[in-house]
Amino acid sequence: MVQGRTETAPQAKRLIDVAFPLREVSAESAREKSIRHGHISTLHIWWARRPLAACRAVICAALWPDPADENCPQSFRDKASEVLTWFAERTQRDKTLAEGCAEDTFARWTVIAKPEGRLDAGNPDHWNVLRFLLLDFIADFANWDNSTRSEYLTASRELTQAAHEALGGIPGTKPLVVDPFAGGGAIPLEALRVGADAFASDLNPVAVLLNRVALEYVPKHGSQLAEAVRTWGRWVKEQAEKDLSEFYPRDADGAIPIAYIWARTISCEGPGCGAEVPLIKSLWLGRKPHNSWALRVIGNRETRRVEFEIVRGAEPKEVGIGTVRRGSATCPCCGFTTPVKKVRNQLASRQGGANDARLVCVVTTRHGEKGRFYRRPTEQDLQTVARAQQVLEQRRKSHEGAIALTPDEPTPLGGGSGAGRAFSQRNYGMERFENLFTARQLLCLATLAEKVRSAGDQLRASGETELADAVQAVLALNVDKLADYGSSLTSWSSPASQETVRGTFSRQALSITWDFAEAYPFADSSGGWLHNLEYLIGPLENEARSLQVRGSATNASATEHPLPDDAVDALITDPPYYDAIPYADLSDFFVVWLKRSLCKSALGASFTSLAPKAEECVVDEVKGHDHAFFEACMRRALEEGRRITRPGGIGIVVFAHKSTAGWEAQLQALIDAGWVLTGSWPIDTEREGRMRANASAALASSVHLVCRPREDPNGNVRADAIGDWRDVLAELPRRIHEWMPRLAREGIVGADAIFACLGPALEIFSRYSRVEKPSGEQVNLCEYLEHVWAAVAREALSMIFSGADATGFEADARLTAMWLWTASTNGNSIEVAEDEAEDDEDEEAPGKSGKVAGHLLEYDAARKIAQGLGANLAQLPTVVEVKGEKARLLPAMERARHLFGRDGTAGTDGRRQKEPQLNLFGTKEEQKEAGVAVPVADERITFAVGNTVLDRVHQSMLLFASGRGEAMRRFLIEEGAGNDQRFWRLAQALSALYPPQSDEKRWVDGVLARKKGLGF
Ligand SMILES: C[S@@+](CC[C@H](N)C(=O)[O-])C[C@H]1O[C@@H](n2cnc3c(N)ncnc32)[C@H](O)[C@@H]1O
Ligand SMILES: [Zn+2]
């Protein structure tokens, strides 16, 4: 029996079981990514952090019951209407509060704030209103600007408290939210914010430290922590600067060097050459339009020496290419290209060659002048570097203690097909962490670590033991930040808005950069101690205002959770995903410095060795961790999660689903672990409600799965619940039919709707411990999911064709419609900008593929969609192109050859034709005028009317596109294509499905516009 509470059956549904403000929360989550100051992510790097907006909204919707549910305790409805009325009244009096509300939400607050609009929690007609007001509140609260506003905090906390007590929690206690894969701590932090208790754990000591700072130190010390960090941070700077300033001299004219740009070198292997070749990827230094800077490389054939000039006001066409491309280096003296393998060997024999790199350029700032200045290195620059090397050697010799002065720990092995792909530094001989830094960088970081220890010691000596730990921890995080900006894997970022050092972890990897930027550690820009410290203090100050109750952070594997059975009200977690991120290996970059900054403090004990890897849930071939290992780990963790969750509690598990197979395995694990799925919400945390150019991207957001323990009230897993396959299959279409139109009304369409339907569909299946066919054979999840896809596709089609029977269309039309629908969002029309990602410097990086027309889907997803529609991709080669793992819906333009026959294919593939076209289908001028070169039938040419309705619609679209109104008229009237009602119905549907600003949309609308005129 569960202690201390009553498990009231049946349980009320939570808001998240019935509805969720998906669009608003997705938009806020995406927006949050651009927030730099005061956001917890600026405390320290953690990879794949969840946006706080999504966490906050999900937690509220998971903890609060749905007032419209018949099982909702009346006490919650009463309290909710009281709290919302109070909130509504506040919005009427407080201008900033009002401005932070969405417009229509504010209008609703205005109504209920008035006496005649009062909510009446006793009146069942008001329960639905109450539900939607709570959802509106959640949507607005997701806005970053509202996250620390006292009215939102108060209201949310009162609602959380009321919900907890109404659902059987002991009065005065708070619901416990637990995240066993806490990472950067977004989920537990938000749990505290909205008035729950939070328990965070992670296998990784860096993650635990981050959680400890946010969940324990901030609430405990409040604003005192930020103040102390500022004071001691300055002290560290002053002390370190005393020791280090001789290594960073100012220029004679007072200019301050803020970064040093280095190039690793090799010796040219060209016949008889041997010149020192500096490896440089790009010669740009600064790309401000009116103040650009670049390097010029001059190879002297005689002296075999490469020199650099610095060009101010460089024009793009004058700026040459770097010396290194895809890992091979071209000699500026003799032109010989030393191949990648040799480059690698040379660098490997010098541990990466950071320490004997060539100083190429020094970046400075000048007092009273804007911008950056670039100059050639001087003798003094080189001497100070040499001096730093000597001093580091002396200090290494005189260093005592168990931990070496500089990190001699091994870097990750890397390699293999799994997460180890992220590490290629060993190919260049960087086998120990210290190899990733130059001597001056090591000297600087070791000095800072020592001063941080000393700050902690002094605070402790003054009796402030607890504050000392907290301050030392935060200062240690700042040493990490300097290490991120102060390694030889950084780079100089030349785009106009930047001209700064780009940190080591601008990529989630350790891989070589040929030329790198060494930040001046006391600069007033990224890489500068106080500059970074302010970013760190931002969230401390910000959260101190909103967090009062302490949470707890613990080091534990999710597969062996420290909490007892049935202790948890809500298990909310975002587990790792297959081989996406090698957290432990990445984090070692920081562990080695934390170990040095924290030794002797209470926290030092967590950093005696590298981060644990044996139990880490990640696919990594080099560690012998395959997919089966990952799935077993995940299953075990989910079982543990269920064990610690009370029978009436709730679970939310975030899953990415880049491949349908991986996704199915995760769902299976959840079911096997004893969870019943009840809902699913795909929150797109990447884009602000934009049109997706590519359907794959739409399917690649992460889904929040809502689930409940499949347990009896006494806490035992129900193992005897056998479901009848026929019942399950009968209920499925009903459930989808109930959900899809409702989602559509709330603007949730396409892939979002598919994924939002999965949870409810899976509930029918997962409420049983097994589902059996009449023969007694067990139905596996894969088989069921095929049915789910089919049911979803059928429902979607009936919505697309407004209830008309879609079976009247051939398979190509159904597939096209369903495909476009999958890619659609709610009518926003901005095309996704192609990522401006820099290509990887490592030669092993795969090449970038160009942009392709048409909508891409993962092959397996496309296959499922087709199957669900009774179509077979293999039989539709003129509609869908399959290449490897991807399937592409061909745009009408690319189908022209198929539609008009061989002769009519002038320039139809969108590429520029080398040869002039035959003039059969209109002159080139006419084609140009129409903006498109497609086949058009003039009077002399006839072509066959397409076989299917889709073919005919596409034919008419292409005729329209080429400006051939007369040919189109003949096609529709005389050839009779327009007499088929299905033609117009499909055209109508496609008009609604093509992306708003696409050519295809324009063309199909053009065809539709002729309908009346032609008498149809
Ligand atoms: C996706 S991240 C969590 C990110 C987090 N939600 C955030 O917003 O920062 C997954 C986390 O799982 C942790 N992890 C991996 N294996 C684990 C295990 N066996 N037990 C506990 N944590 C583990 C990783 O260290 C990583 O921090
Ligand atoms: Zn050469």
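Criteria and cut-off values
Residues numbered from 1 in each chain as written. Chains lettered and ligands numbered in written order. Predicted model: local features only at pLDDT ≥ 70, side-chain atom pairs only at ≥ 80, totals over all residues. Heavy atoms only, no water. Helix = DSSP H or I, 4+ residues; strand = E, 2+ residues; numbered from the N terminus. Buried < 20%, exposed > 50% of the residue type's maximum accessible area, 1.4 Å probe, protein only. Contact = heavy atoms within 4.5 Å. Areas by Shrake-Rupley, 256 points an atom, 1.4 Å probe, with all protein chains shown as cover. Near = heavy atom within 4 Å. Polar contact = N/O pair within 3.5 Å; in protein donor to acceptor, adjacent residues only side chain to side chain. Nonpolar A, V, L, I, M, F, W, Y, C, P; charged D, E, K, R; others polar. Expected span 1.5 Å × (residues − 1). Phe/Tyr/Trp six-rings, centres within 6.5 Å; stacked < 30°, edge-to-face > 60°. Lys NZ or Arg CZ within 6 Å of the ring centre and 35° of its normal. Axes fitted to C-alpha atoms, helices over the stretch in contact; angles between N-to-C directions. Parallel < 35°, antiparallel > 145°, perpendicular 65-115°, else oblique. Left-handed = near helix turned anticlockwise from the far one by under 90°. Salt bridge = Lys/Arg side-chain N within 4 Å of Asp/Glu carboxyl O. Donors = N, O, S within 2.8 Å, 3.2 Å for Na, K, Ca; no water. Pairing = 2+ DSSP bridges. 1 Å grid on protein atoms, 1.4 Å probe; cavity = no way out; pocket = protein on both sides within 12 Å on 5 of 7 lines; lining within 4 Å. Points joined across faces, edges and corners; volume = space filled by probe spheres on them. Lys, Arg positive; Asp, Glu negative; His and termini not counted.

Chemist: How should the overall build of the chain be read in this particular structure?
Modeler: Along the backbone of the chain there are 31 helices and 26 strands. Buried residues in the chain amount to 59% of all 1016 residues. The contacts in the chain between residues at least 6 apart in sequence include a share of 75% that link residues at least 24 apart. As displayed, the chain offers around 40,100 Å² of accessible surface, 49% of which is attributable to carbon and sulfur atoms.

Chemist: Looking at this structure, how should I read the site of ligand 1?
Modeler: With respect to spatial proximity, 24 residues lie near ligand 1, and among them R50, G184, D202, A558 and D574 are the closest. D202 places a side-chain nitrogen or oxygen 2.8 Å from an oxygen atom of ligand 1. Within the side chain of S557, an N or O atom sits 3.2 Å from a nitrogen atom of ligand 1. Against a free-state accessible area of 600 Å², the protein chains account for coverage of 99% of ligand 1. Across the shell around ligand 1, the residue classes break down as 13 nonpolar, five polar and six charged.

Chemist: Got a minute to help me understand helix α8 (residues 150-166) in this structure?
Modeler: Because the α-helix completes a turn every 3.6 residues, residues three or four places apart line up on one side. Compared with an ideal rise of 1.5 Å per residue, which puts 17 residues at 24 Å, α8 spans 24 Å between its outermost C-alpha atoms and is within 8% of the ideal. Within α8, twelve of the 17 residues are buried, leaving the element largely enclosed by the surrounding structure. Taken together, the buried positions of α8 are occupied by E151, Y152, L153, A155, S156, L159, T160, Q161, A162, A163, H164 and A166. Backbone geometry just after α8 places G168 at a positive phi near 105°.

Chemist: In this structure, what is going on with the packing of aromatic side chains? I would like to understand it.
Modeler: Describing an aromatic ring pair means giving the distance of the ring centres and the angle of the ring planes. Under the criterion given, the structure shown has 33 aromatic pairs. Arranged with centres 5.1 Å apart and planes meeting at 80°, the rings of F87 and F137 form a pair that is edge-to-face. Residue F87 is located in helix α4 (residues 74-93), and its partner F137 is located in helix α7 (residues 127-141); the two are separated by 50 residues in the primary sequence. Across the pair, F137 and F87 agree in class, each one buried. Among the aromatic side chains, those forming a connected cluster through ring pairs are W46, W47, F437, F505, Y583, F589, F590 and W593. We note R366 situated over the ring of F373; from NZ or CZ to the ring centre the distance is 4.0 Å. In this structure, R440 packs its charged tip against the face of Y260, placed 4.2 Å from the ring centre.

Chemist: Just checking my understanding: could you explain helix α16 (residues 529-546) for this structure?
Modeler: The end-to-end C-alpha distance of α16 is 27 Å, a good match for the 26 Å that 18 residues give at a rise of 1.5 Å each. Across the 18 residues that make up α16, a large majority, 13, are buried.

Chemist: Honestly, the packing of helix α13 (residues 379-398) against helix α14 (residues 439-461) in this entry has me stumped. Any pointers?
Modeler: When two helices pack together, their arrangement is given by the angle between the helix axes and the distance between those axes. Running from amino to carboxyl end, α13 crosses α14 at an angle of 50°, the nearest separation of the two axes being 8 Å. The angle between α13 and α14 places the two elements in the oblique class. Relative to α14, the crossing made by α13 is left-handed. Counting all contacts with α13, which are made through T384, V385, A388, Q389, V391, L392, R395 and R396, the residues of α14 involved are A439, R440, L442, L443, T447 and E450. The class makeup of the residues in the contact of α13 with α14 is seven nonpolar, three polar and four charged.

Chemist: Mind showing me how you'd approach the pattern of salt bridges here?
Modeler: Where charged atoms from two side chains of opposite charge come close, those side chains can pair. Inspection of every chain in the model, using the stated rule, returns 72 salt bridges. For the salt bridge of E307 with R358, the shortest nitrogen-to-oxygen distance reads 3.6 Å. Within this pair, whereas E307 is found in strand β8 (residues 305-312), its partner R358 is found in strand β12 (residues 358-365), the two being separated by 51 residues in sequence. Residue E307 is classed as partly exposed on the basis of its relative accessible area of 35%. Exposure remark for R358: the relative accessible area of 11% places this residue in the buried category. With a shortest N-O distance of 3.0 Å, D980 and R982 are connected by a salt bridge. For R982, a relative accessible area of 25% translates into the label partly exposed. Where salt bridges share partners, they join D565, R636, E639, E640 and R643 into one cluster.

Chemist: What am I meant to see in the coordination of the zinc ion (ligand 2) here?
Modeler: Ideal coordination angles are 109.5 degrees for a metal with four donors arranged tetrahedrally and 90 or 180 degrees for a metal with six donors arranged octahedrally. Within the protein, the atoms that donate to the zinc ion (ligand 2) are C268 (SG), C273 (SG), C331 (SG) and C334 (SG), at distances of 2.2 to 2.4 Å. Each donor residue of the zinc ion (ligand 2) lies on one chain, and together they are spaced C-x4-C-x57-C-x2-C. With C273 in the loop between β4 (265-267) and β5 (276-278) and C334 in the loop between β10 (328-330) and β11 (337-338), the pair connects residues that are 61 residues apart, well separated along the chain. Of the residues examined, C273 reaches a relative accessible area of 12% and is grouped as buried. C334 sits in the partly exposed class, given a relative accessible area of 24%.

Chemist: Can you walk me through the sheet that holds strand β16 (residues 515-519) in this structure?
Modeler: Picture the strands of a sheet paired through backbone hydrogen bonds; they go either parallel or antiparallel. Strand order across the open sheet formed by four strands is β13-β12-β3-β16, with antiparallel pairing between neighbours. Only two strands of the sheet have a single partner each, and these edge strands are β13 (373-375) and β16. Averaged over all pairs of adjacent strands, the angle between their axes in this sheet comes to 25°, without regard to strand direction. Looking at chain direction, strand β3 (residues 256-263) and β16 are connected through five bridges and run antiparallel. Residue pairing for β16: I261 is matched across the bridge by A517. Lying over the sheet, α13 contacts β3, β12 and β13, oriented at roughly 110° with respect to β12.

Chemist: I'm lost on empty space enclosed by the protein in this one. Help?
Modeler: With a probe scaled to a water molecule rolled over the atoms, the places where space remains empty come into view. Across all of its chains, the model carries six cavities of 30 Å³ or more by this definition. In this structure, the largest cavity spans a volume of roughly 90 Å³. Surrounding the largest cavity, Y248, Q441, C444, L445, L482, Y485, G486, E518, A519, P521 and G527 form its lining. Contributions of two or more residues to the lining of the largest cavity are made by α14, α15 (465-485) and β16. With three residues, the single largest contributor to the lining of the largest cavity is α14. Among the residues making up the lining of the largest cavity, the classes are represented as seven nonpolar, three polar and one charged.

Chemist: Explain the sheet that holds β11 to me, please; I cannot follow it from the model alone.
Modeler: Taken in spatial order, the three strands make up an open sheet running β9-β10-β11, and their pairing is antiparallel. A strand with exactly one partner marks an edge of an open sheet, and here the two such strands are β9 (324-325) and β11. Across two bridges, the pairing between β9 and β10 is antiparallel. Opposite V324, over in β10, you have A329 as the bridge partner.

Chemist: Help me understand the pairing of strand β24 (residues 855-858) in this model?
Modeler: Every regular strand shows the same layout, with side chains that alternate between the two sheet faces. Burial of β24 is two-sided: the residues H855 and L857 facing one way and the residues L856 and E858 facing the other way are all buried. Strand direction decides the pairing type here: β24 and strand β26 (residues 886-889), joined by four bridges, are antiparallel. Bridging from a neighbouring strand, L856 pairs with R888 of β26.

Chemist: Please clarify how the packing of helix α30 (residues 981-993) against helix α31 (residues 999-1009) should be interpreted in this entry.
Modeler: At their nearest, the axes of α30 and α31 sit 9 Å apart, and the two run at 145° to each other. Here α30 and α31 pass one another in a crossing that is left-handed. Here F983, W984, A987, Q988, L990 and S991 of α30 come into contact with α31, specifically with K1001, V1004, D1005, V1007 and L1008.

Chemist: Is there a simple way to explain unusual backbone geometry in this structure?
Modeler: Backbone geometry follows two general trends: most residues other than glycine have a negative phi, and most peptide bonds adopt the trans configuration. Although it is not a glycine, A48 sits at a positive phi angle of roughly 60°. Within the secondary structure, A48 is located in the loop between α2 (22-32) and α3 (52-63). The exposure class assigned to A48 is partly exposed, which follows from its relative accessible area of 41%.

Chemist: So what exactly am I meant to see when it comes to the environment of E431 here?
Modeler: Relative to the assigned elements, E431 resides in the loop between α13 and α14. With relative accessibility at 43%, the residue E431 sits in the partly exposed group. On a C-alpha basis, the gap between E431 and P412 in space is 7.9 Å, while along the polypeptide they are 19 residues apart. Each residue touching E431, except ones within four places of it in the same chain, is listed here: E409, P410, T411 and R426.

Chemist: Explain the side chain of R453 here, please?
Modeler: With respect to the secondary-structure elements, R453 resides in helix α14. As a buried residue without a salt bridge, R453 has its nearest oppositely charged side chain in E450, at a separation of 5.4 Å. Among residues more than four places away in sequence, those in contact with R453 are Q472, R596, S597 and C599.

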